[in-house]
Structure formats: structure tokens, C-alpha cells
Amino acid sequence: MGSRLNPYIRYNGNARQAMEFYREVLGGKLEIGTIADFGSPGSPNADKVMHAQLDTPHGYTLMACDVDGQVEDVSHSPGNNVAVYLGGDGELRGHFEKLSVGGTVTMPLEKQVWGDEAGALVDKFGITWMVNVSQRQI
């Protein structure tokens, strides 16, 4: 197995809802393990997500967990210093539309000076997405 790089997003108690939403948008196989599944069924946070992984048909991987009281020294601090980037073909236009439902489009998906269509949004879970639809070279 080679190395890989993918986002691991921490949520404040709604990781399951976020990952199920991303599966609806991107497709693929979603595995979710709760704190109970990982050996702490008596925890007050037993139903929270300890680890979730979505592997899509296009090779994307998203991972997530809830930090809602799980670990004392880890807090949930959403910010704008990280974005999930999707680059590829025209199929991404539909992903952009679906991801923006309930969120905020910060840059409409439009043709850019480099020739591709690009846009950005913050989804309903507070995650920033950047989408770049490549144009075919003639």
C-alpha cells in the first residue's frame, strides 16, 4: 500500500449526518464506527462517531469523527484554514450544487482566467469546499 493524503474532518457531534450527506453527494461506501463500537458502550457519548470513512467510486476518501467530549485536549474549532478540494470533469457541477444546499456559495462556479470553471462554498456543516471543473484542451 502506498501513501495517501485525504481530509480528516472533526465535527461537534454531527459527523454521522455530515458523512451521510457526503455519501449522497459523492456516492461510495461509508463505514461508521461509534465510541460504543470501539469498546466504550457505557460512555455518555457512546453514539458519537469515533471514526468514519467514505471511499467514493472516483477514488476520493473523506474521514471524520466527533470531538464532542471525546478527548479532553481536543476541541472543535471550525475555521477557514482548510478546504476540501475537488478537481475533475463536468460531473463536479452537480456535486457543487448538491454541496451548496443549506450552505453558502462564496464564489459561484464560473469560468476563470485559467480556462477552467471554479467555485467555492461553505456547506451546511461549516466545511469549505473548492471545486475546479477542468476544460478539455483542444
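Before reading further, recall that the structure is shown in the block above.
Everything numeric in this text was worked out from a predicted model, so none of it was measured.

One pass over the structure, following the stated rule, counts five aromatic pairs. With 5.7 Å between their ring centres and 55° between their planes, Phe21 and Tyr22 make a pair best called tilted. A residue is classified by how much of its surface remains accessible, and Phe21, at 10% relative accessible area, is buried. Each residue in the set Tyr11, Phe21, Tyr22, Phe125 and Trp129 is aromatic and connected to the rest through ring pairs, giving one cluster.

Our focus in this paragraph is the packing of helix H1 (residues 15-26) against helix H2 (residues 92-100). H2 packs onto H1 with a crossing angle of 150° between their chain directions and a minimal axis gap of 9 Å. The angle between H1 and H2 falls in the class roughly antiparallel. Relative to H2, the crossing made by H1 is right-handed. Counting all contacts with H1, which are made through Phe21, Tyr22, Val25 and Leu26, the residues of H2 involved are His95, Lys98 and Leu99. Of the residues that constitute the contact of H1 with H2, the class distribution is five nonpolar, one polar and one charged.

The rules behind these values
Residues numbered from 1 in each chain as written. Predicted model: local features only at pLDDT ≥ 70, side-chain atom pairs only at ≥ 80, totals over all residues. Heavy atoms only, no water. Phe/Tyr/Trp six-rings, centres within 6.5 Å; stacked < 30°, edge-to-face > 60°. Buried < 20%, exposed > 50% of the residue type's maximum accessible area, 1.4 Å probe, protein only. Axes fitted to C-alpha atoms, helices over the stretch in contact; angles between N-to-C directions. Helix = DSSP H or I, 4+ residues; strand = E, 2+ residues; numbered from the N terminus. Parallel < 35°, antiparallel > 145°, perpendicular 65-115°, else oblique. Left-handed = near helix turned anticlockwise from the far one by under 90°. Contact = heavy atoms within 4.5 Å. Nonpolar A, V, L, I, M, F, W, Y, C, P; charged D, E, K, R; others polar.

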